[in-house]
Amino acid sequence: MEKSETLEQFYLTKVNGMPENLKKEIGHFNVFKLDDFVGKKAKPIPYSRKDFYKISLIIGKNKVHYADKIIIIEEQALLFANPQIPYNWEQIGEIQTGYFCIFTEAFFNQFGNLRDYPLFQPGGNPIISISKEEAELVKNLFVRMFEEINSDYTFKYDAIRNLVFDVIHFALKTQPIATSLYNKSNAVVRVSSLFMELLERQFPIESIAQEITFRSPSAFANQLNIHVNHLNKALKETTGKTTSQIIAERITQEAKILLKQTNWNINEIASCLGFEELSHFINFFKKEVQLSPNAYRIT
């Protein structure tokens, strides 16, 4: 299996160009017509994890490889992909159309927790078959995403978030999730879930008096009463990332939010995020973002 596809790789290989603000955004969202990515000239989609979430309305016969399962889409379906599970799909029928949107977890910061929804959980069913009439309803939601993203409305991204949740809730109401497609052992999935829950419980940071408790892999392992190697192995199996990578990504995400959305000084932000020395935070942020905290704040 290939390495996880990043947003940058997606844009460079599929769109032949990258948005200017991609690395400066706290969270990212975009929407596309599937028609532009299918057909004889379409580039194959590798079986791999993606570093972003994706919701697709697929109209046409396809074979989807998801985790270790193969699912045939006969006519039309919704596909909910998350960064934890590798997937790809093969075009079978000649007629292919639809829409898809991509977004990062940070795009929904303080708006809702994507991990709470069965569609994005390791044990959930990510493919929902729908009727032609239902496909038209979902199509209208994607069309409205296009309208919003191209508008000058000040709060357009809040409107887009609502539309994404409309698609999620539509799918959940249409076909309640009951089956599991992810065949990792229950113990591995449980360890990963408990770690993610413990990590997310520390956020968001809403006061300079607040400070995260767990910042190292060993601290999380001790809290979960398991060996750090066991924790790292479980996360590697379910997410493709190490414990340190996941922690660093989440701390970086919160750092970006605090730098952009508060007037707290850098030292206060560093303290909230568990850094005893300001220099340690600055070096950490530079490594993750390729910008100093001050430089990022003014971009």
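Residues numbered from 1 in each chain as written. Predicted model: local features only at pLDDT ≥ 70, side-chain atom pairs only at ≥ 80, totals over all residues. Heavy atoms only, no water.

1. A look at the overall build of the protein
1) Next: Summing up its helical and strand segments, the protein has ten helices and eight strands in all.
2) Next: In terms of C-alpha radius of gyration, the protein reaches 20 Å, essentially the compact-globule figure of 19 Å for 299 residues.
3) Next: Summarising its shape, the C-alpha atoms of the protein cover approximately 60 × 45 × 35 Å along the three principal directions.
4) Next: Looking at the protein as a whole, 46% of its 299 residues qualify as buried. (Helix = DSSP H or I, 4+ residues; strand = E, 2+ residues; numbered from the N terminus. Rg over C-alpha atoms; globule rule 2.2 N^0.38 Å. Buried < 20%, exposed > 50% of the residue type's maximum accessible area, 1.4 Å probe, protein only.)

2. Quick look at the pattern of salt bridges
1) Next: The full count for this structure, using the stated rule, is nine salt bridges.
2) Next: Where Glu105 meets Arg115, a salt bridge forms, and the shortest distance between an N and an O atom there is 3.0 Å. Separated by ten residues along the polypeptide, Glu105 in the loop between β7 (97–103) and β8 (127–129) and Arg115 in the loop between β7 and β8 bring together distant segments of the chain.
3) Next: Notably, a salt bridge pairs Glu197 with Arg201, separated by 3.2 Å at the nearest N-O pair.
4) Next: Connected through salt bridges with shared partners, the residues Asp51, Lys241 and Glu249 form a single ionic network. (Salt bridge = Lys/Arg side-chain N within 4 Å of Asp/Glu carboxyl O.)

3. Considerations on the nonpolar core
Side chains of nonpolar character tend, in soluble globular proteins, to be buried together.
1) Next: Core analysis: the largest hydrophobic core is formed by 34 residues, its most contacted members being Phe195, Ile205, Phe220, Ile251, Leu273 and Phe281.
2) Next: Within the residue set of this core, elements represented by two or more residues are α4 (186–200), α5 (217–224), α6 (228–239), α7 (243–261), α8 (266–272) and α9 (278–289).
3) Next: Not counting residues up to four positions away in its chain, the partners in contact with Phe195 are Phe220, Leu224, Leu231, Leu235, Thr243, Ile246 and Ile247.
4) Next: With 33 residues, the next largest nonpolar core counts Phe107, Ile128, Val138 and Ile160 among its residues. (Core = buried A, V, L, I, M, F, W, Y, C linked by side-chain atoms within 4.5 Å. Contact = heavy atoms within 4.5 Å.)

4. What about the packing of helix α2 (residues 132–149) against helix α3 (residues 156–174)?
1) Next: Contact pair α2 / α3: the axes reach a minimum separation of 9 Å and the direction vectors enclose 170°. Looking at the two axes, α2 sits roughly antiparallel to α3. Seen along the crossing, α2 lies across α3 with a hand that is left-handed. Residues Glu134, Leu137, Val138, Leu141, Arg144, Met145, Glu148 and Ile149 of α2 form the contact with α3, whose own contacting residues are Lys156, Tyr157, Ala159, Ile160, Leu163, Val164, Asp166, Val167, Phe170 and Thr174.
2) Next: The residue makeup of the contact of α2 with α3, split by class, is twelve nonpolar, one polar and five charged. (Axes fitted to C-alpha atoms, helices over the stretch in contact; angles between N-to-C directions. Parallel < 35°, antiparallel > 145°, perpendicular 65-115°, else oblique. Left-handed = near helix turned anticlockwise from the far one by under 90°. Nonpolar A, V, L, I, M, F, W, Y, C, P; charged D, E, K, R; others polar.)

5. Describing the sheet that holds β7
Consider a sheet: its strands pair through backbone hydrogen bonds, and that pairing is either parallel or antiparallel.
1) Next: Spatial strand order, β1-β7-β2-β5-β8: five strands in an open sheet with antiparallel pairing. Both edges of this open sheet fall to β1 (29–33) and β8, since each of them pairs with a single strand only. Strand-to-strand, the axes of this sheet are offset by a mean angle of 10°, without reference to chain direction.
2) Next: As judged from the three bridges shared by strand β5 (residues 76–81) and β8, these two strands associate in the antiparallel manner. When the bridges of β8 are listed, Leu79 appears paired with Ile127.
3) Next: In the packing of α3 onto the sheet, the strands contacted are β1, β2 (53–59), β5, β7 and β8, and the crossing angle to β5 comes to about 115°. (Pairing = 2+ DSSP bridges.)

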